[in-house]
Amino acid sequence: MHRLPQVHRPLPGRRVGDGHGVTHDTDVLVIGAGPAGAVAAWEAKRAAPELDVVLLERDAGVGVPVRCAEGVGDAGLREFADPDGAPWVARKITQIVFVAPDDTEVKVAGRAVAWILDRTRFDAFLAERAVALGAELRVSTEAAGMTCEPDGRWQVRLRGVTGEETCRARVVIAADGVEAMVGRWAGLDTRVPARDMESCAQYVLEGCDFDPDAIYLQFGDRIAPGGYAWLFPKGPGVANVGLGLVALKADGRNARQYLDDWIARRYPRGAKTGSTVGGVIVHTTIRQTYTDGVLVAGDAAHMINPLSGGGIVNAMKAGRLAGRVATAAIRAGDTSASRLSAYHAGWMALLGDDHLKYYRLKRALEDLDDQFFNSLARTANAILPEKRTLRRIFTHALVKHPQLIPVAARFFI
Ligand SMILES: Cc1cc2nc3c(=O)[nH]c(=O)nc-3n(C[C@H](O)[C@H](O)[C@H](O)COP(=O)(O)OP(=O)(O)OC[C@H]3O[C@@H](n4cnc5c(N)ncnc54)[C@H](O)[C@@H]3O)c2cc1C
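Residues numbered from 1 in each chain as written. Predicted model: local features only at pLDDT ≥ 70, side-chain atom pairs only at ≥ 80, totals over all residues. Heavy atoms only, no water.

Explain the nonpolar core here, please?
Side chains of nonpolar character tend, in soluble globular proteins, to be buried together. Counting residues in each nonpolar core, the largest one holds 79 residues, and the members touching the most others are V30, W88, F122, V156, V172 and Y343. Of the residues forming this core, the biggest block, 11 residues, is contributed by helix α6 (residues 312-332). Beyond its immediate stretch of four places on either side in the chain, F122 contacts L77, W88, L117, I312 and M316. Counting residues in each nonpolar core, the second largest holds 24 residues, with A201, A229, L231 and Y258 among its members. (Core = buried A, V, L, I, M, F, W, Y, C linked by side-chain atoms within 4.5 Å. Buried < 20%, exposed > 50% of the residue type's maximum accessible area, 1.4 Å probe, protein only. Helix = DSSP H or I, 4+ residues; strand = E, 2+ residues; numbered from the N terminus. Contact = heavy atoms within 4.5 Å.)

In this structure, what is going on with the packing of aromatic side chains? I would like to understand it.
Given two aromatic rings, their pairing is described by the distance between the two centres and the angle made by the two planes. Applying the stated rule across the entire model yields 10 aromatic pairs. Taken together, a centroid distance of 6.0 Å and an interplanar angle of 70 degrees make the contact between Y228 and W230 edge-to-face. Just as Y228 is buried, W230 falls in that class too. Ring pairing ties together the aromatic residues F98, F219, Y228, W230, F232, F372 and F373, which thus form one cluster. The aromatic ring of W42 is capped on one face by R129, whose charged end is 3.9 Å from the ring centroid. Directly above the aromatic system of Y258 lies the positively charged group of R253, at a separation of 3.8 Å from the ring centroid. (Phe/Tyr/Trp six-rings, centres within 6.5 Å; stacked < 30°, edge-to-face > 60°. Lys NZ or Arg CZ within 6 Å of the ring centre and 35° of its normal.)

Even after reading the chapter, I still don't get the site of the ligand, so can you show me in this structure?
Taken together, the neighbourhood of the ligand is formed by 34 residues, with E57, A69, G71, D299 and G311 sitting nearest. Residue G71 places a main-chain N or O atom 2.7 Å away from a nitrogen atom belonging to the ligand. Taking R119, its side chain carries an N or O atom lying 3.2 Å from an oxygen atom of the ligand. Its free accessible area being 1000 Å², the ligand has 89% of it covered by the protein chains. Of all the secondary-structure elements, those providing two or more residues to the shell around the ligand are α1 (35-47), β10 (142-148), β17 (271-281) and α6. The element contributing the most residues to the shell around the ligand is β17, with 3 residues. Its residues assigned to classes, the shell around the ligand shows 14 nonpolar, 11 polar and 9 charged. Both of domain 1 (14-64 + 120-191 + 285-354) and domain 2 (96-116 + 193-281) provide at least three residues apiece to the shell around the ligand. (Near = heavy atom within 4 Å. Polar contact = N/O pair within 3.5 Å; in protein donor to acceptor, adjacent residues only side chain to side chain. Areas by Shrake-Rupley, 256 points an atom, 1.4 Å probe, with all protein chains shown as cover. Nonpolar A, V, L, I, M, F, W, Y, C, P; charged D, E, K, R; others polar. Domains from an automatic or database assignment.)

How do you make sense of the domain arrangement of the protein chain when you look at a structure like this?
How large an interface is tends to be reported as the accessible area lost when its parts come together. Per the domain assignment, the segments making up the protein chain are domain 1 (14-64 + 120-191 + 285-354), domain 2 (96-116 + 193-281) and domain 3 (363-412). When each unit is reduced to the centre of its C-alpha atoms, the spacing between domain 1 and domain 2 is 32 Å. Contacts between the two partners involve 8 residues from domain 1 and, on the opposite side, 6 residues from domain 2. Both sides of the domain 1 and domain 2 interface together cover about 530 Å² of buried area, and 62% of this is carbon and sulfur. If you look at where domain 1 meets domain 2, you find 1 residue pair in polar contact (both at pLDDT 80 or more). The residue makeup of the side of domain 1 that touches domain 2, split by class, is 3 nonpolar, 3 polar and 2 charged. (Buried area = accessible area lost by both parts, 1.4 Å probe.)

Please clarify how the pattern of salt bridges should be interpreted in this entry.
Note that side chains of opposite charge can pair when their charged atoms are close. Applying the stated rule across the entire model yields 35 salt bridges. Residue D27 pairs with R170 through a salt bridge whose shortest N-O separation is 3.0 Å. In this pair, D27 is assigned in strand β2 (residues 23-31) and R170 in strand β12 (residues 163-174), connecting sequence segments 143 residues apart. What makes D27 buried here is its relative accessible area of 4%. Among the salt bridges present, the one from D84 reaches R78, with a minimum N-O distance of 3.1 Å. When its relative accessible area of 44% is taken as the criterion, D84 is described as partly exposed. Its relative accessible area of 37% is what places R78 among the partly exposed residues. Residues joined by salt bridges that share partners form a network here, namely R195, D196, K249, K362, R363 and E366. (Salt bridge = Lys/Arg side-chain N within 4 Å of Asp/Glu carboxyl O.)

Would you take a moment to explain the confidence of the model for the protein chain for this structure?
Reading predicted coordinates in detail is not appropriate for stretches of low pLDDT. For the protein chain, per-residue confidence averages 91 on the pLDDT scale, and residues scoring 70 or more make up 93% of the total. Taken together, the stretch residues 1-10 has pLDDT below 50 and engages in 27 contacts with residues farther than four places along the chain or on a different chain. Between residues 15-19, whose pLDDT stays under 50, and residues either more than four places distant or in other chains, the model counts 8 contacts. (pLDDT = per-residue confidence, 0-100.)

How should I be thinking about the sheet that holds strand β6 (residues 95-99) in this particular structure?
Sheets are built from strands paired through backbone hydrogen bonds, the pairs being either parallel or antiparallel. An order of β7-β6-β14-β15-β16-β13-β17 is seen for the 7 strands of this open sheet, with the pairing classed as mixed. Each having just a single partner strand, β7 (105-108) and β17 make up the two edges of the open sheet. Looking at each pair of strands side by side, their axes are set apart by 20 degrees on average, direction ignored. Here 10 bridges tie strand β13 (residues 197-206) to β17, and the two strands are oriented antiparallel to one another. (Pairing = 2+ DSSP bridges. Axes fitted to C-alpha atoms, helices over the stretch in contact; angles between N-to-C directions.)

What is the right way to look at the environment of A135 in this model?
Along the polypeptide, A135 turns up in the loop between α3 (119-132) and β9 (136-138). Separated by 57 residues in the primary sequence, A135 and R78 place their C-alpha atoms 23 Å from one another. Sequence-distant contacts of A135, that is, excluding residues within four places in its chain, are made with A41, K45, V53 and A130.

And the structure:
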């Protein structure tokens, strides 16, 4: 297996202290080695090889633990890596099956659509690419706080296996995921409304029946209120099976209890061989993703697609943008908020503005009940299987279900 060295290594760059409490200087400090951070470090080194780039990860290894269903779209993934034959791919997906609350299945027609990754290997692969270009990776090292110095550099307190030290950086890229603290330390507002935080639970399930080339998505108030349940195949008979829900809409049960009930009903023969829980922020991008010497990327900046809950490709796109903007600012000798605001503008044009639309659509769909989705599934199944594309389902739905018109209107306004 493709694994990164898991050892503690001294920071590179210029040492300005000695012994206990040593301070190191770097140009770019990336906090968090998920997809956002690894791509940010890679892009920073690619764009400006002469700059020092340090990538921090608080866990002992990159890519573990996995808190993800590991599904990505084909086009987005290919912007960063070629999945054909890659060791970090678990499964190619060629079919999407929507499942209505009453279990009516709707198979969507289409070509190869998605990949199920092996995130442990994929995240390690991304980080290794950054290391190959000269970025310094530090695992088992947590950013524990930071302050801004009079010269505009950030002094970040690091906690690792050998104790505490400090790293001074010209730009900090905060890629610390859903539990993000770094943006807050820099004074940015990263709060999430409770109704836009999904609680997720997932098992790796073995020995159950499904089409290994298809992903299954089921909606319904009794199944996953405010979210949906999924089955993402990792191979024949093995799948990530999970759900996300909005706790405010639940009936007192937590995500794992909903999931246990769903699995007992749909996959009673499945053996649970692994489990995880986690949060997904289904909101819009934070109002400001930058400040003096700081950029926030990926889940930490709420860059997940609020409709699908997918954030891997978005995180990589944000990381790439952050790496580029940070290095250009350092080269220009101006890491002020006004210079770094180009990052926010670039992200909003790329995906952030679309997320505002998806968010409105998500809110509008929340007003529709299970009966509506059951009848929508029957409408969709009346379309010939080979013509049942998402676009055609949507068009038919608008004609047959007039209550969708205000929903669609909210998407476009
Ligand atoms: C159950 C579940 C299922 C999901 N399924 C999918 C899916 O199928 N497809 C999809 O696209 N998305 C999915 N997502 C979302 C996806 O996992 C995230 O959007 C994606 O991982 C975001 O990448 P990131 O780099 O921003 O953050 P992360 O991948 O969370 O990486 C952040 C990293 O920062 C580290 N870190 C945090 N704080 C510090 C610190 N202070 N110092 C040093 N390191 C720190 C963390 O240990 C972590 O490694 C799912 C999420 C959940 C919870």
